[in-house]
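Each chain, letter by letter, is given below.
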Amino acid sequence: MPAEPADGTAESAIETRGLEPVPDGERGGRVRELVPTWVAANISVLLLTMGAGLVISNGLNIWQVLVVAAVAPVVSYGIVGLISIAGKRGGSPGMALSRGVFGQRGNLFPGALIWVARWGWETINAVSGAYAVLTVLDLLFGVRSSTPLIVVTLLFFVGCTFVVSGLGISALRVCSKWSTYLFGAFSVLVLGYLLFTTDWSAVFGKPAGSTAMMVAGIGTIAAGGISWVPSGPDFTRYLPRTASSRGMVGATIGGAGIVVLPMVLMGAVMAVGTPDLATAQDPVSFIGELLPTWIAVPYLLIALVGMLLINSMSMYSAGFTAQTLGIKVPRAWAVSVNAAISLVFGFLLMVVATSFFGSFISFLTLLAVAFSAWIGVFGVDMLRRTSYDGPALLDTTRTSAYWYKGGFAWQAMTAWALALVVGLLFTKVDWFGGPLADTWIGRNGLGWVAGIVTSGVLYAVLPRTAPSGPAPAPEQEPELAGSLSN
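First things first, this report covers the structure right here in the doc. Please read these numbers as outputs of a predicted model, since none were measured by experiment.

1. Brief notes about helix H2 (residues 46–56)
Burial within H2 is extensive, with 10 of its 11 residues counted as buried. Within H2, burial applies to Leu46, Leu47, Leu48, Thr49, Met50, Gly51, Ala52, Gly53, Leu54 and Val55.

Here you go:
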């Protein structure tokens, strides 16, 4: 892998750093810079669709939707923020740090599962972006969707994603900053329009739904945030070790929350006038029906940039994951595998699938379960350490301190595998149902919570695996009481 310029990869046009830890002398930035990162990670019209689903499918009223929209990002992005602390401690991507937990060979198993899960996430976002382009073409020029046009729009969206994610962290930071400003401004405009055109008596007159549906709604909205947990360290590894841990968690929750809360509420309000929104095959075109063209077109274009950033961030992390699996190419080219896969799957979802929303919710549910088993093990391990052995993370041979026994940390592998099974037992989607899906945990969509708890508890009680080499010297953890300005 090419060496990073002396002034730091994070400041150069193209990030060349791969899995290798970022040296202390090349770290910089402030915790508050994480806010636009997590704003950009949530700029998606799919949140509108999910908000509508809370009203139409879950039967919730506007006050219950407010609770769901407030609690879900605190839960999910709180976990993202906590795990991202490992990034400043080790200076490496999340799945590279995971080698120190599962072993050099053992990490291939959760790594492969998380990599495959990202295919689905990137496919969903590629489809949403393509639908946004198709809707803008229809609104401005009257061009109707067709199979050839679907292929062209998918190629355009995925191609742009590949370029931005290939450039690396600097490009992502710049794009995140400006998209945050633009999307915020136009969201206020849309909120103003809805304020004066919505039948508020119908909105506030809807009866309350069950508590179980509220809990399930929190799980559905939170699942999107859970999918970012393994990527958290990828975006904090350039922060100095003295960065406030509390500030990192706060910036992560704040950045996500200021988008998730209003977007979900907007979707719930829109569902009053467009009840088909929650089950639409095309989750984007309804914006053109609800809003005047002068608002809908720029809003969709900005949302398109947001969805592009979401996919770019996902592919950015996927490149690191691919490298941890032994794909020996630079990170910028490792993302090409995911780009090609999202093209193929995106075409199938747009042309063949009959229910976008059903496929989306099923995927989110399984995605959260797939990641939950890793989260519990990695999270408990974080409580036991404050540093990582950088050379050992990169050494995939028997000489690595993280080789453990035959390349596996059996305690971590056992906890991960059993938790994955437990999570699936409590999970039910359109085409799969675990035998415990009808229990309280299953009915409330908490299979992913069962996975986190199971893996965390098992890993905590099993005997700790000692590194097979000398442990790195512990480094002082900065005070947790810092602010976002640190």
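Now that the structure has been shown, the text picks up again.
2. Thoughts on unusual backbone geometry
Its identity is not glycine, yet tyrosine 404 carries a phi of approximately 55 degrees, on the positive side. One can find tyrosine 404 in the loop between helix H16 (390–394) and helix H17 (410–425). Under the relative-accessibility criterion, tyrosine 404 is labelled buried at 12%.

3. Quick notes on the packing of aromatic side chains
Per the counting criterion, the structure on display carries 10 aromatic pairs. When the centroid spacing of 6.2 Å and the interplanar angle of 40 degrees are considered together, the rings of tyrosine 402 and tyrosine 404 count as tilted. Taken together, the ring pairs connect Trp38, Tyr77, Trp228, Phe235, Tyr316 and Phe320 into an aromatic cluster.

4. Structural notes on helix H8 (residues 169–197)
The end-to-end C-alpha distance of H8, which contains 29 residues, comes to 41 Å, matching closely the 42 Å that a straight helix rising 1.5 Å per residue would cover. Those residues of H8 that sit buried are Ile169, Ser170, Ala171, Leu172, Ser176, Ser179, Thr180, Phe183, Ser187, Val190 and Leu194.

5. Looking at the packing of helix H3 (residues 62–90) against helix H11 (residues 245–273)
Packed helices, taken two at a time, are described by their axes: the angle between them and the distance between them. As a packed pair, H3 and H11 sit with axes 7 Å apart at the nearest point and diverge in direction by 150 degrees. Our classification of the angle between H3 and H11 gives roughly antiparallel. Relative to H11, H3 is oriented so that their crossing is right-handed. Partitioning the contact of H3 with H11 into residue classes produces 21 nonpolar, 6 polar and 1 charged.

6. Notes on the environment of glycine 209
Here glycine 209 is to be found in the loop between helix H9 (200–204) and helix H10 (211–226). Separated by 149 residues in sequence, glycine 209 and leucine 60 place their C-alpha atoms 4.5 Å apart. The contacts of glycine 209, once residues within four sequence positions are left out, are Gly59, Leu60, Asn61 and Gln64.

7. What to know about the pattern of salt bridges
All chains considered together, the criterion is met by 4 salt bridges. Put simply, arginine 144 and aspartate 138 hold a salt bridge, and the shortest N to O gap is 3.0 Å. Through salt bridges with shared partners, one network takes in Asp24, Arg27 and Arg241.

Cut-offs and rules
Residues numbered from 1 in each chain as written. Predicted model: local features only at pLDDT ≥ 70, side-chain atom pairs only at ≥ 80, totals over all residues. Heavy atoms only, no water. Buried < 20%, exposed > 50% of the residue type's maximum accessible area, 1.4 Å probe, protein only. Helix = DSSP H or I, 4+ residues; strand = E, 2+ residues; numbered from the N terminus. Phe/Tyr/Trp six-rings, centres within 6.5 Å; stacked < 30°, edge-to-face > 60°. Expected span 1.5 Å × (residues − 1). Axes fitted to C-alpha atoms, helices over the stretch in contact; angles between N-to-C directions. Parallel < 35°, antiparallel > 145°, perpendicular 65-115°, else oblique. Left-handed = near helix turned anticlockwise from the far one by under 90°. Nonpolar A, V, L, I, M, F, W, Y, C, P; charged D, E, K, R; others polar. Contact = heavy atoms within 4.5 Å. Salt bridge = Lys/Arg side-chain N within 4 Å of Asp/Glu carboxyl O.

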